[in-house]
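Letter by letter, the chains look like this.
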Amino acid sequence: MAFPSVHYGDPGDEKVTSSTKIGGLPLGVKMIVGDREFMHGRAGGTALVAGKLYESGSSISAADTMYAKSLVLNGVHAIGAVSVAFTTGGTTATTTDQFEDGLLTTAGSVGTGIGYTHMIKANNSAASGSATCTLTLYSTDGLKVATNASTLVGVRENAYRLTKLTTADTAGAGKVVGVACNSAAASSYAWFQVKGPAPVFTGGTVLIVGEVVVCSTAVAGAAVPIVASTAGPTSAKAMLNVIGTCLQSAGTASFALVDLNIV
């Protein structure tokens, strides 16, 4: 393996921030410190705030063909190939390293080599819409099966790239990536806690010990107790983004201790 899938750290390592990848680790690598778990991620266009909830950011719309697995490969790619070229969708441009540590999926209904997922190391240059974009896969994850002219692919940005505060709405569009462990400038690399006790910003409703905790639908970056009804949780965000259980209560606009279990 080129890098460990799990990194073991010492107390305090979770507070490290950097302008470059921490320890050279890929985005999304897990770090374990005692009974707590953290994920390596990167801030988006705004500074990180310790103790607030963050979700995945993306510069591509979920409806874009980049996600639709309908991108055309440029020519035949052999078994073991780590350089893969495709034509970008529509008018959507790509930026340098936009897909760093993301995923390439061969998932069309026809063609060879379909049904596989490969990890992207980089895309070393930008590409305009309907132009060629070349990806470099990790050397340990070259194509398992040769592709042909009928093989279609999709690409997905890493969920821990360009993270942003959870939004104050009920849509539940973003994956919660964790609680920021330290403040940091925009575009910095940092750790986001996903499991174990952590202080989490509360908004709107006081958390009580033992309550199930979810993302707030009214305050960005905040947590609130889940609201139930006879029909179940009242929003998509509540159903999809349960983050843990309250261990120690706190007032509104302060920080409660939550036993995180973010998956």
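Description of the structure in this document. A quick note: this is a predicted structure, and the numbers were derived from the prediction, not measured.

### What about the overall build of the protein?
Helices and strands together make up the secondary structure of the protein, namely one helix and 17 strands. Classification of the 263 residues of the protein by burial places 45% in the buried group. Put simply, of all contacts in the protein between residues at least 6 apart along the chain, 69% involve residues at least 24 apart. Per element, the accessible surface of the protein, about 11500 Å² overall, is 57% carbon and sulfur.

### Regarding the nonpolar core
Grouped together as the largest cluster of nonpolar side chains are 27 residues, with contacts concentrated most on Leu48, Leu53, Val200, Val213, Ile243, Leu260 and Ile262. Among the secondary structure elements, those contributing two or more residues to this core are strand 4 (53–55), strand 12 (176–180), strand 13 (189–201), strand 14 (212–215), strand 16 (242–248) and strand 17 (255–261). At five residues, strand 13 tops the list of elements feeding residues into this core. Not counting the four nearest positions on each side in its chain, Ile243 is found in contact with Leu53, Val176, Val200, Val213, Val214, Cys215, Ala223, Asp259, Leu260, Asn261 and Ile262. Counting 15 residues, the second largest nonpolar core, distinct from the first, contains Leu71, Phe86, Leu143 and Val153.

### Observations regarding the pattern of salt bridges
Within the structure shown, the criterion is met by seven salt bridges. For Lys21, the salt bridge goes to Asp101, with nearest N and O atoms at 2.7 Å. Here Lys21 is found in the loop between strand 1 (6–8) and strand 2 (30–33), whereas its partner Asp101 is found in the loop between strand 6 (83–87) and strand 7 (103–106), with 80 residues between them in sequence. Judged by relative accessible area, which is 3%, Asp101 ranks as buried. Glu55 serves as the salt-bridge partner of Lys164, at 3.9 Å between the closest nitrogen and oxygen. Of the two residues, Lys164 sits in strand 11 (residues 164–165) while Glu55 sits in strand 4, which places them 109 residues apart along the sequence. We classify Lys164 as partly exposed; its relative accessible area is 37%.

### Focus on the packing of aromatic side chains
Working definition: an aromatic ring pair is given by the centre-to-centre distance plus the angle between the planes. Taken as a whole and assessed by the stated rule, the structure comprises two aromatic pairs. Sitting above the plane of the Phe201 ring, Lys52 keeps its charged end 4.6 Å from the centroid.

### As for the sheet that holds strand 8 (residues 116–122)
The strand order 5-6-9-8-7-10 describes a closed barrel built from six strands, whose pairing is antiparallel. With direction set aside, neighbouring strand axes in the sheet form an average angle of 45°. In this structure, strand 7 lies alongside strand 8, joined through four bridges in antiparallel fashion. The residue of strand 8 that forms the bridge with Thr105 is Thr117.

### Observations regarding the side chain of Thr147
Inspection of the secondary structure puts Thr147 in the loop between strand 9 (132–137) and strand 10 (152–156). On the accessibility criterion, Thr147 (3% relative accessible area) is buried. Dropping the residues within four chain positions of it, Thr147 is found in contact with Leu73, Val76, His77 and Thr112.

### Quick notes on the environment of Asp259
By the secondary structure assignment, Asp259 is in strand 17. Looking at Asp259, the relative accessible area reads 34%, which means it is partly exposed. Residues Asp259 and Arg36 lie 223 residues apart in sequence; the distance between their C-alpha atoms is 9.4 Å. Setting aside chain neighbours within four positions, we find Asp259 in contact with Gly196, Pro197, Ile243, Gly244, Thr245 and Leu247.

### Some words on the pairing of strand 6
Of the strand pairs in this sheet, strand 5 (residues 71–73) and strand 6 are connected by two bridges, and their pairing is antiparallel. Considered in strand 6, the bridge of Val72 is made with Thr87. In terms of strand pairing, strand 6 meets strand 9 through five bridges, oriented antiparallel. Following the sheet pairing, Ala85 is matched in strand 9 by Thr134.

### Concerning the pairing of strand 10
Bridging between strand 5 and strand 10 involves two bridges; their strand directions are antiparallel. For Leu71, the partnering residue across the bridge sits in strand 10 and is Val153. Where strand 7 meets strand 10, four bridges bridge the pair, whose relative direction is antiparallel. Considered in strand 10, the bridge of Leu103 is made with Arg156.

### Digging into the environment of Cys215
Along the chain, Cys215 falls in strand 14. Here the alpha-carbon distance between Cys215 and Pro225, two residues 10 residues apart in the chain, equals 8.4 Å.

Rules of the game
- Each residue is numbered by its place in its chain's sequence as written, counting from 1.
- The predicted nature of this model means local features are confined to residues of pLDDT at least 70 and side-chain atom pairs, given and counted, to a pLDDT of 80 or more, with totals for whole chains, interfaces and linings taken over all residues.
- In computing side-chain values, all of the structure's heavy atoms are included and hydrogens and water are not.
- Secondary structure counts use DSSP, requiring at least four H or I residues in a row for a helix and at least two E residues in a row for a strand, with both numbered from the N terminus.
- Relative accessible area decides the class of each residue, using a 1.4 Å probe on protein chains only: under 20% of the type maximum gives buried, over 50% gives exposed, and in between gives partly exposed.
- For this analysis, residues touch if any pair of their heavy atoms sits within 4.5 Å.
- Methods summary: accessible areas were calculated by the Shrake-Rupley approach with a probe of 1.4 Å, and residue burial reflects only the protein chains presented.
- Throughout, nonpolar core names a set of buried Ala, Val, Leu, Ile, Met, Phe, Trp, Tyr and Cys residues whose side chains join them through atoms within 4.5 Å.
- A side-chain nitrogen of Lys or Arg and a carboxyl oxygen of Asp or Glu constitute a salt bridge if their distance falls within 4 Å.
- For Phe, Tyr and Trp, where Trp contributes only its six-membered ring, two rings pair if their centres lie within 6.5 Å, and the inter-plane angle classes them as stacked under 30 degrees, edge-to-face over 60, or tilted in between.
- Look at NZ for Lys and CZ for Arg. If either is within 6 Å of the ring centre and within 35 degrees of the ring normal, a charge sits over the ring.
- The criterion for strand pairing is that DSSP finds at least two bridges linking the strands in question.
- Every axis corresponds to a line fitted to the C-alpha atoms, with the helix fit spanning only the stretch in contact, and the corresponding angles, defined between N-to-C directions, vary from 0 to 180 degrees.

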